[in-house]
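Structure assessment
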Amino acid sequence: MLGSANIRSVAAVAVAVVLALALAGPASAFNPDTEVTVGSPSTPFSQNKQNEPWVAIDPAHPNVLAAGANDNIDLEACNAGNPTTCPFTNGVGVTGVTFSLNAGDSWTQPTYTGLTARHCLGPAACVPAVGPIGTLPWYYENGLASDGDPALIFGPRPDGNGHFSWVNGSQLYFANLTSSLSGQRNDTFKGFEGIAVSRTDDVAAAAAGDKSAWMAPVLASKQSSATFSDKEAITADQVSSSTYFGNVYICNTDFRSVGGPPEPIRVTRSTDGGDTWSSVQISQASNTGIGEGRAGGRQGCAIKTDSHGVVYVVWRGAFMGEAVVWLSRSFDGGARFDRPRVVGTTGTVGAFDPAQGRFTFDGVAGARTNSSTSIDIANGAPTGGGATDRVVIGFVNGELGLNHERAMVRYSDDGGDTWSA
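Please read all numbers here as calculations on a predicted model, not as lab measurements.

All right, on to the sheet that holds strand E12 (residues 228–236) then. In space, the four strands of this open sheet follow the order E12-E13-E14-E15, with antiparallel pairing throughout. The outermost strands of the open sheet, each flanked by one partner alone, are E12 and strand E15 (278–281). Going across the sheet, the axis of each strand differs from the next one's by a mean of 25°, ignoring polarity.

Written as structure tokens, this is what we have:
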């Protein structure tokens, strides 16, 4: 359907499932389900809990996969200390990482060292200590905690002289939320929550548990004293024919009042393999329209590039009292973006859920669904050969009301100027 045999990184979202089913043919062609978070224990709760997965596939070596999830494997058990609470353990990371070197047939969750609370099984109160972790390494040692919301992408490895080539090998970029280890603002960076990027150019060693295969995390987000950076997505220009081959891009919502409005969409890029990052705001900041609860503000961005290096960013927001999907593009490698345009309508979001105190798509006992927008582009990675550059977006539409929500797909064959109905 996408017109390209190349495999690219996708988030675990509705449109990915729709497209995979369309491409795969009969259900009998599927391999049996394979557990990815193989390091997770069966008990206790919440050490056995994961959510918000993301998977990345190396386009130059399609047998190599990396996955991330919010993973509580290193947290204390709920009955440690006060048995009526089930807290996150201060300073202990929750960004789980797993690898497959055989196209997803089997997975490995490596064990590193860092601040852990695995040993806190109760009833005594938990005292974290340095020990085995199944989450990203080097955060504790750098005064940080990995806070989940994983986003992963493979790109070409830089050669150290400003050039990128798949001949050099591949580099995995792993973005996630991060905070100060002590929980005190301004210890390591401004604001409440930032976005850090971990990297490895030796996936085999990282999968085998070699902590030294990972570089120290780099803070990518632009922070002020009140910033809560959140809801990030990442992509890399993986097409060797592109003018901006090797660039890496992150989009996120830039909450500027401790998780609330104003909340513009921001794009951060690196042109040197992730060593340094620069940032640009691509949407207005104020909350206009019908309010953050129903669909105002800006949430759930996604980002991809085409075979010419054009950067596409989509997100959910509001326009003229209606919930919509916005698109903005960059034609100069992420330095500047054009004026956002509406490319889809999502409708007002479900019904008011008193458990969460907000509007949700399903709203049953506080449950929520992923209403974020997703995007993919047939860019022909890794070489650009045969690229159609068809842009496909997926989003949830709630115009028909509660329990009648729909998963919508639209595509563009002219670079986002016009879209299918």
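Once that is clear, we can look at empty space enclosed by the protein. This structure, assessed with the given rule, holds two cavities of 30 Å³ or more. In this structure, the largest cavity occupies an estimated 90 Å³ of space. Surrounding the largest cavity, 17 residues form its lining, Gly93, Ile133, Leu136, Tyr139 and Tyr140 being those nearest its centre. Contributing elements (two or more residues each) for the lining of the largest cavity: strand E5 (112–116) and strand E7 (144–146). Its residues assigned to classes, the lining of the largest cavity shows 10 nonpolar, six polar and one charged.

Before going further, it helps to examine the sheet that holds strand E16 (residues 299–305). The strand order E16-E17-E18-E19 describes an open sheet built from four strands, whose pairing is antiparallel. Here the strands that pair on one side only, and so sit at the sheet edges, are E16 and strand E19 (341–345). Taken over all neighbouring pairs, the strand axes of this sheet differ in orientation by 30° on average, direction set aside. Bridging between E16 and strand E17 (residues 311–319) involves five bridges; their strand directions are antiparallel. Each residue of the ladder has a partner; that of Thr305, found in E17, is Val311.

Applying the stated criterion across every chain yields a total of 10 salt bridges. Between Asp338 and Arg329 there is a salt bridge whose closest N-O contact spans 3.0 Å. Exposure class is identical for Asp338 and Arg329. Each is buried. Arg336 is the partner of Asp332 in a salt bridge, and the nearest nitrogen-oxygen pair spans 2.7 Å. For Arg336, a relative accessible area of 58% corresponds to the exposed category. Counted as one network, the salt bridges with shared partners bring together Arg329, Asp338, Arg341 and Asp417.

Below, the discussion takes up the state of the cysteines. Within the structure shown, the criterion is met by three disulfides. Each disulfide pairs two cysteine sulfurs, and for Cys120 the partner residue is Cys126, the sulfurs being separated by 2.1 Å. Judged by the sign of its S-S torsion, about 70°, the bond between Cys120 and Cys126 is right-handed. Assigned by exposure class, Cys120 and Cys126 land together as buried. Across the chain, the way the bonded cysteines pair up, counted in sequence order, is 1-2, 3-4, 5-6.

This paragraph deals with the packing of aromatic side chains. Taken as a whole and judged by the stated rule, the model has two aromatic pairs. Residues Phe99 and Trp214 carry aromatic rings whose centres are separated by 6.3 Å and whose planes lie at 45° to one another, so their mutual orientation is tilted. One end of the pair, Phe99, is in strand E4 (residues 95–100); the other, Trp214, is in the loop between helix H2 (203–207) and strand E11 (218–219), and 115 residues separate them in sequence. Note on Trp166 and Phe245: the rings are 6.2 Å apart at their centroids and 55° apart in plane angle, and the pair reads as tilted. Of this pair, Trp166 sits in strand E9 (residues 164–180) while Phe245 sits in the loop between E12 and strand E13 (248–255), and the two are 79 residues apart along the sequence. Using a relative accessible area of 14% as the deciding quantity, one classes Trp166 as buried.

How each quantity is defined
- Residues numbered from 1 in each chain as written.
- Predicted model: local features only at pLDDT ≥ 70, side-chain atom pairs only at ≥ 80, totals over all residues.
- Heavy atoms only, no water.
- Pairing = 2+ DSSP bridges.
- Helix = DSSP H or I, 4+ residues; strand = E, 2+ residues; numbered from the N terminus.
- Axes fitted to C-alpha atoms, helices over the stretch in contact; angles between N-to-C directions.
- 1 Å grid on protein atoms, 1.4 Å probe; cavity = no way out; pocket = protein on both sides within 12 Å on 5 of 7 lines; lining within 4 Å.
- Points joined across faces, edges and corners; volume = space filled by probe spheres on them.
- Nonpolar A, V, L, I, M, F, W, Y, C, P; charged D, E, K, R; others polar.
- Salt bridge = Lys/Arg side-chain N within 4 Å of Asp/Glu carboxyl O.
- Buried < 20%, exposed > 50% of the residue type's maximum accessible area, 1.4 Å probe, protein only.
- Disulfide = S-S within 2.5 Å.
- Phe/Tyr/Trp six-rings, centres within 6.5 Å; stacked < 30°, edge-to-face > 60°.

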